[in-house]
Amino acid sequence: MISFTPRRFVAKLMHRLARFVAVFCALSVLGLYACQRQIEYQPGHSNPDPSTLGLRGVQVETLLTPDNQHLILWYAKARPGKPTVLFFQGNAGDLTDRAPRFAFYQSKGIGAAFLSYRGFGGSSGAITEKGLILDARTAYDWLATRVAPQQIVLVGESLGTGVAVQLAAQVPVAAVALDAPYASTLSVAQGRFPFLPVALLMKDQFLSINHIAAINAPLLIQHGTADMVVPFTSGQTLFAAAIQPKTFIALPDRGHEIIFAPDVWQREVDFFTHTLK
């Protein structure tokens, strides 16, 4: 008969526990890897007529991307002498949630072109970083046949700031405004999962920090100091890497909800008005 001493019993228990933890961690990593895009992107799928949301004077356009995806874009012309905003939303919801912002720009005479990315409401395709950047370029090329580049301004919120940054690094625009931006989605994910090799696992890293210095247009960044989604320090890091002219506005004790705040939108309008004088 084999007897177990307390020491041998504990050693065996610890060995089994270590194996369990190793298997659990491996499965967790595999699960996160497989589901990462479902975590990073949470699109809405509604595609209403803008008039049902109280919007007037909106053209609903369907754009064809070079890889044969169909994108929905809402467009309203600017008043004479006013710029047109090409807008890129965050990772969640759809254009329905951005109708108040669209209406706000209209009320100021600002033109508005709001893009529904691939995989979001009314648009075809699977969501990837490469695809979103291609969508942005498709929307810009469409808009640039109707509005001079010196009258096009880019606005990005949250995830959409990475889209705006990469586009602005490639094409001429009059100005860029970013609400709650990040240096990269990689750095945000590393902050949330410090125990995982995120740099090796993450597919869509949106390395804005590598593109921001290529923007040759006035830049405005607004960020809440209490942002729990995209850290305030990430926005500061991005700003530090940008070239002049640039403006950073810290919003004390405010969080990620600033992307839906009319005072944030108004500062953008003031910035564009001043920039395009």
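(A) Region of the structure containing the sheet that holds strand β7 (residues 152-157). In space, the eight strands of this open sheet follow the order β2-β3-β6-β4-β7-β8-β9-β10, with mixed pairing throughout. If you trace the sheet from one side to the other, it starts and ends with β2 (59-64) and β10 (246-251), each paired once. Mean inter-strand twist for the sheet, computed between neighbouring axes without regard to direction, equals 20°. Examined bridge by bridge, β7 and strand β8 (residues 175-179) share five bridges and lie parallel to one another. When the bridges of β8 are listed, Val155 appears paired with Ala177.

(B) Spatial organisation of the packing of helix α2 (residues 99-107) against helix α8 (residues 262-275). Orientation of α2 relative to α8, taken along the N-to-C sense of each, is 40°, at an axis distance of 11 Å. By crossing handedness, the relation of α2 to α8 is classed as right-handed. Across from Pro100, Arg101, Phe104 and Tyr105 in α2, the residues of α8 making contact are Pro262, Trp265, Gln266, Glu268 and Val269. Residue classes in the contact of α2 with α8 are distributed as six nonpolar, one polar and two charged.

(C) Broad picture of the pairing of strand β9 (residues 219-224). The buried fraction of β9 is high, at six of six residues. Residue alternation in β9 divides its side chains into two sets, Leu219, Ile221 and His223 and Leu220, Gln222 and Gly224, and both sets are buried. Bridge count for β8 against β9 is four bridges, and the pairing is parallel. Bridging across to β9, Val176 finds its partner in Leu219.

(D) Geometry of the nonpolar core. Formed by 44 residues in total, the largest nonpolar core has its most connected members in Leu86, Phe88, Leu154 and Val173. With seven residues, the single largest contributor to this core is helix α3 (residues 129-144). When residues no more than four places from it in sequence are discounted, the contact partners of Phe88 are Leu115, Tyr117, Ala136, Leu154, Val155, Gly156, Glu157, Gly160, Val163, Ala164 and Leu167. In this structure, Phe102, Ile258, Val269 and Phe272 belong to the second largest nonpolar core, which totals 30 residues.

(E) Up close: the confidence of the model for the chain. Across the chain, the average pLDDT comes to 91, with 88% of residues at 70 or higher. Low pLDDT, under 50, characterises residues 20-25; the predicted model gives this stretch zero contacts beyond four residues in sequence or across chains.

So, how was this worked out
- Residues numbered from 1 in each chain as written.
- Predicted model: local features only at pLDDT ≥ 70, side-chain atom pairs only at ≥ 80, totals over all residues.
- Heavy atoms only, no water.
- Pairing = 2+ DSSP bridges.
- Helix = DSSP H or I, 4+ residues; strand = E, 2+ residues; numbered from the N terminus.
- Axes fitted to C-alpha atoms, helices over the stretch in contact; angles between N-to-C directions.
- Left-handed = near helix turned anticlockwise from the far one by under 90°.
- Contact = heavy atoms within 4.5 Å.
- Nonpolar A, V, L, I, M, F, W, Y, C, P; charged D, E, K, R; others polar.
- Buried < 20%, exposed > 50% of the residue type's maximum accessible area, 1.4 Å probe, protein only.
- Core = buried A, V, L, I, M, F, W, Y, C linked by side-chain atoms within 4.5 Å.
- pLDDT = per-residue confidence, 0-100.

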